[in-house]
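Coordinates in review
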Amino acid sequence: MASAKDTTAKHTAVTDTAAPPLMPMIERRRIEAEILKHVYETLKESHGVAMAQKAVADAVRRSSIEQGARFAAMQNGETSIEGFAALQPLWTMENALEIDVIEKTETTFAFNVTRCRYAEMYRQMGLGEIGHLLSCQRDGTFCEGYDDKLKLARSQTIMQGASHCDFRYTYEKAES
């Protein structure tokens, strides 16, 4: 677990580059996917599927952690489940996700995604085999950058064939 000093340093380090997204997240992901598609295809040809998927997964993971830290910095390091939930419209913009909220408390944000246009978009782009790497894995790794007290439990995703995605975020309160 990061110390208060480590957490402050992490958030301070990205403050200079923190800027609100100027476009809906689905559009941002489409642009990223257009580039990563070529990287993925090139790596598949030269190094095989497993290595190509690992490279994409590692790169997206790093990007997601960095993005989480930028969003935390925009909240001046005052992260919480409420602050995290307030970011959700960036991902749902343009009807990118259809969501049923199950529970929202001081320590829990639980919801199901019943339609995911991200999954639809990746399949249309011919990226269905790595859509989970391009978006789904970001959901948990974003938490690592945003606040290490924020945890995601999810057992299924639409991208991998389920009827819905079951997001269960919990926020661990600081010990008194």
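This text gives an overview of the structure that appears in the document. (Residues numbered from 1 in each chain as written. Predicted model: local features only at pLDDT ≥ 70, side-chain atom pairs only at ≥ 80, totals over all residues. Heavy atoms only, no water.)

**Observations regarding the packing of helix α2 (residues 25–47) against helix α7 (residues 131–146)**
Quick note on the threshold: The axes are straight lines fitted to the C-alpha atoms, using for helices just the contacting stretch, and the angles between their N-to-C directions are given from 0 to 180°. A run of H or I in DSSP counts as a helix once it spans at least four residues, and a run of E counts as a strand once it spans at least two, with each numbered from the N terminus. The cut-offs work like this: below 35 degrees is roughly parallel, past 145 is roughly antiparallel, 65 to 115 is roughly perpendicular, and the gaps in between are oblique. Contacts were defined at the residue level, with two residues in contact if any of their heavy atoms lie within 4.5 Å. Side-chain classes follow a simple rule in which Ala, Val, Leu, Ile, Met, Phe, Trp, Tyr, Cys and Pro form the nonpolar group, Asp, Glu, Lys and Arg form the charged group, and the remainder, Gly included, forms the polar group.
Contact geometry of α2 with α7 gives a least axis separation of 11 Å together with a crossing angle of 130 degrees. If you check the angle between α2 and α7, you find them oblique. Every residue of α7 that contacts α2 at Arg29, Glu32, Ala33 and Leu36 is listed here: Leu134, Ser135 and Arg138. Residue composition of the contact of α2 with α7, grouped by class: three nonpolar, one polar and three charged.

**Considerations on the side chain of Asn112**
Defined as follows: Think of it in three bands: with a 1.4 Å probe and only protein chains considered, a residue is buried below 20% of the maximum accessible area for its type, exposed above 50%, and partly exposed in between. Polar contact is the term for a pair of N or O atoms within 3.5 Å; when the atoms are in protein, one must be able to donate a hydrogen and the other to accept it, and sequence-neighboring residues count only if both atoms are side-chain atoms.
The residue Asn112 is located in strand β2 (residues 108–116) in this model. Under the relative-accessibility criterion, Asn112 is labelled buried at 14%. At 3.0 Å, the side chain of Asn112 and the side chain of Arg168 are in polar contact. With residues up to four places along the chain from it excluded, the contact list for Asn112 reads Glu98, Ile99, Asp100, Ile102, His164, Cys165, Asp166, Phe167 and Arg168.

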